[in-house]
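Residues per chain, in single letters:
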Amino acid sequence: MQGQVRIDNLSKTYHTRQRKGLFKSEEKRVEALKGVSLEIKPGEVFGLLGPNGAGKTTLIKCLTTLLLPTGGEAWVNGYHLTREANQIRASVGCMLMGERGLYWKLTGSENLIFFGALYHLSPSARRRRAAEIVERLNLGDIADRSVETYSSGQKMKLAFAKALINDAPLLILDEPTNTLDLPSARELRAVVRELNASGKTVIYTTHIMAEAETMCDRVAIVDRGEVLALGTAAELKASLGREEVIHIEGVISAQAGEAVQRLAGVSRAVRAAVDGHTQLTVVAQDQRALLPRLIETLTAHDAVLQKIVPEEVTLEDVFIARTGRTLADDTWVK
Amino acid sequence: MTATIRPSFRQKLSAALAETWLRLLNISRYPGQLALEIIIPIVFAAMPMLLGRATAGANAAANFQANTGTSNYVAFLLIGSNTFTIVSSAFWHIAYWLRFEQETGTLESIYLTPTTSMTLAGGVALYSVVRGLTSALLAYILGCLIFRVDPFAGDVLLALLFILIGLIPLYGVAFLFGALVLKVKESNALVGLMQWVVSFLMGIFYPVAVLPPLVRLLALLFPPTWMVNGVRSALLGMGFFFGKWYLDIAVLMAFALSVPLLSFWAFNRVEQGVKRNEGMGEF
């Protein structure tokens, strides 16, 4: 086994109840993961990029043994997912659930020391480790206050600190910058980079394209429980071939968007609401040749155009090209 | 400094004690609750005590002696209500532990660590024993002082032995109940119902001998019934179910060996079932 994490055809199906009123409900079968296979190399920051509901958290919950997969196999740090679950838990540091995974009546330090005990650190080691983390993440001012008095961002930082308590070789971080303000998010990303530079492998899930692009050595684009694309950001962008992207902002009706989609040379045209206006992302073969026809078609459909920007391909464009949706659109797994 | 992959017994014990300490820290932030826990069993015992005095008057003790084998109905009721405090604590603390952690999101956090649910459950049980026993003992002594009976009459050590051995199957039953809470994702109504059933079966206000035969048989299948009768017999000399204290202790020990095994098996099955489906965090 080469990879630090090896996932072989992993699937997860569960049953949930779809509510139909006060007492009526019907059982629904959800395929949250559909035969996911991938390998994560030691020392890399591996990104799982996808919209909410794509299956990223389910995959992480399976890898951290919180959920039993329905089919397939996986190895984490060389341990088998179902046969050596305890060993996996001991060798992984995980930030999941964000601020909800903390004891709010306890102080930050008390939380860290408690979780150190659950990772079987000796009493002196857990206190020492907690103090080191508090210092490294600049939590000194709040470490002795009960968590209930923390801001949302401070709670997220403490949740991240908790993931470091066992000094594991593999860190799994599920949307770690959620609810953080920009400076705190930047600070957290810097710590993740430092940890990676010191040899830790990181699995980093996010639905923020720019974050995946800057943080991750390789990215898997996940949607509807499947890995749609896998590679470095450059490889994924190059996978669009000669296709280029044009972002158009303004007031653009659904009919106008559909008309653009029908134009020759257009692979995808996806509308999304962004900051109170509509953004149309057009993936096309030759934007220079397309542009006059594009403007003509949109104006013919009463579109009000505010900005037309031919842009460099991003990971979000790769996602759009593969799924026909933006990352802002939640996925509803069927 | 990676976590130990194969923890020793000492490391597991340390994790369980950390869980106990966490619970104690948490409750120390609600001091009023502890004071209430000492008052409740006294009030609970006072109601039937005063009813008895109101209905039987000066003959209350004699009537009670004729029906139960002891004239000390005050101590009888105080023992009943305080043993019930221990039993009730076990159910509340185990059921509420799982439910509360599920609702606040910390259940998934602790399931991410290599500490097993059984070790954690051991830590919670120890916390519950410390809290339940302390409250019950303080309430018993205070109740005896208020109602002017000797709290240390009879064989106190034997009474403690019944309590200590009885705690093992009691927490076994509580974990069985915890498995049910994990399955149906409900604790309050279940514990509320269970409290009435338990108080009825274990005979907190009466000896189980007065129950109808079938109900009595059901009561005798329930370990706390043996615990409370053992304590009363040791302190008030009422008579053990099998005549000799060591035979009743043997029954409690049989419960102590079998009930935890059954409950761990059931808990493990439910836990695996939850992991196979929606996961521990769904509530």
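Residues numbered from 1 in each chain as written. Chains lettered and ligands numbered in written order. Predicted model: local features only at pLDDT ≥ 70, side-chain atom pairs only at ≥ 80, totals over all residues. Heavy atoms only, no water.

## Brief notes about the confidence of the model for chain B
Thinking step 1. Taken residue by residue, chain B gives an average pLDDT of 87. The fraction at 70 or more is 98%.
Thinking step 2. The ipTM for the predicted assembly is 0.83, set against a pTM of 0.82. (pLDDT = per-residue confidence, 0-100.)

## Overview of the pattern of salt bridges
A side chain with one charge can pair with a side chain of the opposite charge if their charged atoms come near.
Residue and element names in this part refer to chain A.
Thinking step 1. This structure, assessed with the given rule, holds 16 salt bridges over all chains.
Thinking step 2. For Arg-218, the salt bridge goes to Glu-44, with nearest N and O atoms at 2.8 Å. With a gap of 174 residues between them, Arg-218 in strand E9 (residues 218-223) and Glu-44 in the loop between strand E2 (25-40) and strand E3 (45-49) connect regions that are remote in the sequence.
Thinking step 3. The class of Glu-44 is buried, set by a relative accessible area of 7%.
Thinking step 4. The shortest N-O distance in the salt bridge between Glu-213 and Lys-237 comes to 2.6 Å. Of the two residues, Glu-213 sits in helix H7 (residues 209-215) while Lys-237 sits in helix H8 (residues 233-238), which places them 24 residues apart along the sequence.
Thinking step 5. What makes Glu-213 partly exposed here is its relative accessible area of 23%. (Salt bridge = Lys/Arg side-chain N within 4 Å of Asp/Glu carboxyl O. Helix = DSSP H or I, 4+ residues; strand = E, 2+ residues; numbered from the N terminus. Buried < 20%, exposed > 50% of the residue type's maximum accessible area, 1.4 Å probe, protein only.)

## Examining unusual backbone geometry
Residues and elements named next belong to chain A.
Thinking step 1. One non-glycine residue with positive phi stands out, namely Asn-9, at about 55 degrees.
Thinking step 2. Within the secondary structure, Asn-9 sits in strand E1 (residues 5-19).
Thinking step 3. The backbone of Asp-302 sits at a positive phi, close to 60 degrees, despite the residue not being glycine.
Thinking step 4. Secondary-structure assignment places Asp-302 in the loop between helix H10 (287-300) and strand E14 (304-311).
Thinking step 5. Look at Asp-302 and you get exposed, because its relative accessible area is 67%.

## Regarding the packing of aromatic side chains
Thinking step 1. Following the criterion strictly, the structure yields 14 aromatic pairs over all chains and no others.
Thinking step 2. Judged by centre distance (5.3 Å) and plane angle (85 degrees), the rings of Phe91(B) and Phe177(B) are edge-to-face. Here the residue Phe91(B) occupies a position in helix H4 (residues 73-104), and Phe177(B) occupies one in helix H7 (residues 156-184), the gap between them amounting to 86 residues. Residue Phe91(B) shares its accessibility class with Phe177(B), and that shared class is buried.
Thinking step 3. Residues Phe175(B) and Phe264(B) carry aromatic rings whose centres are separated by 6.2 Å and whose planes lie at 55 degrees to one another, so their mutual orientation is tilted. On the criterion of sequence distance, the pair formed by Phe175(B) in helix H7 and Phe264(B) in helix H11 (residues 245-276) is long-range, its members being 89 residues apart.
Thinking step 4. The partly exposed category is assigned to Phe264(B), whose relative accessible area is 35%.
Thinking step 5. Within the aromatic cluster, the residues linked to one another by ring pairs are Tyr103(A), Phe114(A) and Phe115(A).
Thinking step 6. Directly above the aromatic system of Trp104(A) lies the positively charged group of Lys155(A), at a separation of 3.8 Å from the ring centroid. (Phe/Tyr/Trp six-rings, centres within 6.5 Å; stacked < 30°, edge-to-face > 60°. Lys NZ or Arg CZ within 6 Å of the ring centre and 35° of its normal.)

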